[in-house]
Amino acid sequence: MNKLKRKTYAFLFCLLLCCTLGAQNGIQTGDLLFVSLPINYNLSDTTWLTKSMNELNAGKTTANIIHVAILEVDNDGVWIIDATLKHGVARYPLDTFLTDFTLPNGMLPRFDIMRLKKDKNAALYVLQAKKFVGREYDVDFQSDNQAQYCSELVYNAYISPQGKHLFKEGIIDFSCADGNTPLYWEQLFALIGKKIPNGNRGTLPQTMMKSSRLKRVGIRL
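Not measured: the values here are computed from a predicted model.

Analysis parameters
Residues numbered from 1 in each chain as written. Predicted model: local features only at pLDDT ≥ 70, side-chain atom pairs only at ≥ 80, totals over all residues. Heavy atoms only, no water. Helix = DSSP H or I, 4+ residues; strand = E, 2+ residues; numbered from the N terminus. Polar contact = N/O pair within 3.5 Å; in protein donor to acceptor, adjacent residues only side chain to side chain. Core = buried A, V, L, I, M, F, W, Y, C linked by side-chain atoms within 4.5 Å. Buried < 20%, exposed > 50% of the residue type's maximum accessible area, 1.4 Å probe, protein only. Contact = heavy atoms within 4.5 Å. Phe/Tyr/Trp six-rings, centres within 6.5 Å; stacked < 30°, edge-to-face > 60°. pLDDT = per-residue confidence, 0-100. Pairing = 2+ DSSP bridges. Axes fitted to C-alpha atoms, helices over the stretch in contact; angles between N-to-C directions.

### Some words on the side chain of R115
Then, number 1: With respect to the helices, strands and loops of the structure, R115 is situated in strand β5 (residues 110-116).
Then, number 2: A polar contact is formed between the side chain of R115 and the side chain of D31, at a distance of 2.8 Å.

Right under this line is the structure:
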């Protein structure tokens, strides 16, 4: 068994064990899984990827939070519900997610598991997310169509029984605090033939993760 498979299986075993035992830091249905890459990540040049990932995992470099997914736990295991270019809006096993997000050097991105504070409606939010399964990925990052991008799915699924969105919309801005746009976003939108949708109204993973409604739990890689 190679190193990547050992690392992946160990991660899955730890997650499943925590769920089975109901441990305080085990994942739960409705938790959110945020995915981060180094701020200098380059799709066309991975020469420094291992060094950059090690620095990111050690907290020595800035994270570019590129994705958010919804976690669901049942008797069959751990599932992902999210919106991606590859799958559209879909529900699939966690190991498929890990395979999809494995980096060119065999490492995994950094994962941060976040949980709603004092909210007992997690199962409802997951059920609401499932209603979007089958829709296309929203490459235009628009709120007035049926397609969904990752944080848009979470925004539209996490609505309270009283009809209120748990997370806030704002003006989309993919730039960093210094005003520069990470190369990852420039390259990604160029690949799909779209302009970076700065100025649209919507949500982004990096702002959603900072929500006061969330607390950090679980495992960071």
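### Side note on the nonpolar core
Then, number 1: Of all hydrophobic cores here, the largest spans 60 residues; its most connected members are L32, F34, F97, Y158 and F167.
Then, number 2: The element best represented in this core is strand β2 (residues 63-74), accounting for six residues.
Then, number 3: If near-sequence neighbours (up to four positions away) are discounted, F34 is found in contact with I65, H67, V68, R110, F111, D112, M114, P205, M208, M209 and L214.

### Observations concerning the packing of aromatic side chains
Then, number 1: If you walk through the whole model with that rule in mind, you get 13 aromatic pairs.
Then, number 2: Centroid distance F141 to Y149: 4.1 Å. Interplanar angle 15°. Geometry classified as stacked.
Then, number 3: When its relative accessible area of 2% is taken as the criterion, Y149 is described as buried.
Then, number 4: Ring geometry for W185 and F189: centres 6.3 Å apart, planes at 40°, overall tilted. Residue W185 and its partner F189 are located together in helix α6 (residues 183-191), separated by four residues, close to a single helical turn.

### Thoughts on α6
Then, number 1: Among all positions in α6, only Y184, W185, Q187, L188 and F189 are buried.
Then, number 2: Check the buried side of α6 and you find it contacts β1 (32-38) and β2.
Then, number 3: Once α6 finishes, G193 follows within two positions and takes phi at roughly 70°, a positive value.

### Let's talk about unusual backbone geometry
Then, number 1: Residues other than glycine seldom take positive phi values, yet K118 does so here, at roughly 50°.
Then, number 2: Position of K118 relative to the elements: it lies in the loop between β5 and α4 (122-130).
Then, number 3: Notably, F141 is not glycine yet its phi reads approximately 50°, a positive angle.
Then, number 4: Structurally, F141 can be placed in the loop between α4 and α5 (150-157).
Then, number 5: A residue is classified by how much of its surface remains accessible, and F141, at 6% relative accessible area, is buried.

### Some thoughts on the confidence of the model for the protein
Then, number 1: When the pLDDT values of the protein are averaged, the result is 89; 87% of them are 70 or greater.
Then, number 2: Within the model, pLDDT remains below 50 along residues 6-25, and this stretch shows 25 contacts once partners closer than five positions in the same chain are excluded.

### Here's the deal with the side chain of D31
Then, number 1: The residue D31 is located in the loop between α1 (3-21) and β1 in this model.
Then, number 2: Exposure remark for D31: the relative accessible area of 1% places this residue in the buried category.
Then, number 3: What D31 contacts, discounting residues up to four positions off in sequence, is G26, A69, I70, L71, I113, M114, R115, Y158 and V217.

### Examining the sheet that holds β2
Then, number 1: Reading across the sheet, the six strands line up as β4-β3-β2-β1-β5-β8 and stay open at both edges, with antiparallel pairing between neighbours. Each edge of the open sheet is held by one strand with a lone partner, namely β4 (88-93) and β8 (214-217). The average angle at which neighbouring strand axes cross in this sheet is 35°, direction not considered.
Then, number 2: In terms of strand pairing, strand β3 (residues 77-84) meets β4 through six bridges, oriented antiparallel. Across the sheet, residue I81 finds its bridge partner in β4, namely R91.
Then, number 3: Packing of helix α2 (residues 49-57) onto the sheet brings it into contact with β1, β2 and β5, and relative to β1 it is tilted by some 130°.
Then, number 4: The strands touched by α5 within the sheet are β1, β2, β3 and β4, with β2 carrying the most contacts at an inclination of about 45°.

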